[in-house]
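# A structural walkthrough
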Amino acid sequence: QVQLVESGGGFVQAGDSLRLSCAASGRTFSRHVMGWFRQAPGKEREFVAAITWSSASTNYGDSVKGRFTISRDSAKNTVYLQMNSLEPGDTAVYYCAVRRTIVTSYEYWGQGTQVTVSS
């Protein structure tokens, strides 16, 4: 089992920045991928960003490219999501997730952290 705990959400104004953290514990994998997703009320879950743990290669959803940055700290088993130039459309619950490889489904999920961006 893998446990994921997100933190760092909050209420901010448009244009502000936030950094989310996701601390992982429990079972580890050698080629796992950690991702961030978000879900706004009444909308489907949306892919935000992902990072391959071993290579630190990253990819982003189109709506956040150029504004959000995903990174990881291997020593702390923590992944971060730096969110800049936040917009009201970024308001959502943000979830951290893990999949064992780039070809498997996301298997473990955190409980989510709320991000609210006011105009």
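The structure under discussion appears in the preceding block.
A brief look at the structure comes next. The model shown is predicted, which means the values in this text are computed figures rather than measured ones.

Conventions used here
Residues numbered from 1 in each chain as written. Predicted model: local features only at pLDDT ≥ 70, side-chain atom pairs only at ≥ 80, totals over all residues. Heavy atoms only, no water. Phe/Tyr/Trp six-rings, centres within 6.5 Å; stacked < 30°, edge-to-face > 60°. Helix = DSSP H or I, 4+ residues; strand = E, 2+ residues; numbered from the N terminus. Buried < 20%, exposed > 50% of the residue type's maximum accessible area, 1.4 Å probe, protein only. Salt bridge = Lys/Arg side-chain N within 4 Å of Asp/Glu carboxyl O. Pairing = 2+ DSSP bridges.

## A few points about the packing of aromatic side chains
If you walk through the whole model with that rule in mind, you get 4 aromatic pairs. On the numbers, 5.6 Å between centres and 70° between planes, the contact of Phe37 with Phe47 is edge-to-face. Taken together, the residues Phe37 in strand E4 (residues 33–39) and Phe47 in strand E5 (residues 46–52) connect sequence positions 10 residues apart. For Phe47, a relative accessible area of 25% puts it in the partly exposed group. Note on Phe37 and Trp109: the rings are 5.0 Å apart at their centroids and 55° apart in plane angle, and the pair reads as tilted. One end of the pair, Phe37, is in strand E4; the other, Trp109, is in strand E10 (residues 108–109), and 72 residues separate them in sequence.

## Considering the pattern of salt bridges
Tallied over the full model, the rule gives 6 salt bridges. The salt bridge partner of Arg67 is Asp90, with a shortest N-O separation of 2.7 Å. Here Arg67 is found in the loop between strand E6 (58–60) and strand E7 (68–73), whereas its partner Asp90 is found in the loop between strand E8 (78–83) and strand E9 (92–99), with 23 residues between them in sequence. Overall, Arg67 belongs to the buried group, its relative accessible area being 12%. Residues Arg100 and Glu107 are paired through a salt bridge, measuring 2.7 Å at the closest nitrogen-oxygen approach. Looking at Arg100, the relative accessible area reads 28%, which means it is partly exposed. With relative accessibility at 38%, the residue Glu107 sits in the partly exposed group. What emerges from the salt-bridge pattern is a single network uniting Arg38, Glu46, Arg67, Glu87 and Asp90.

## Quick look at the pairing of E4
Each regular strand shows side chains that alternate between the opposite faces of the sheet. Of all 7 residues making up E4, 6 are buried, and the element is well covered by its neighbours. Linking E4 back to E5 in an antiparallel pair, the connection comprises 6 residues, with Gly42 at a positive phi of about 75°.

## Here's the deal with the environment of Ser105
You can see Ser105 is positioned in the loop between E9 and E10. Looking at Ser105, the relative accessible area reads 59%, which means it is exposed. Counting along the chain gives 101 residues from Ser105 to Leu4, while the straight-line C-alpha distance between them is 16 Å.

## A closer look at unusual backbone geometry
At Asn77, a residue that is not glycine, the phi angle is positive and equals roughly 50°. Considering the arrangement of structural elements, one finds Asn77 in the loop between E7 and E8. On the accessibility criterion, Asn77 (31% relative accessible area) is partly exposed. With a phi close to 50°, Ser85 is a non-glycine residue in the positive phi region. When you line up the elements, Ser85 lands in the loop between E8 and E9.

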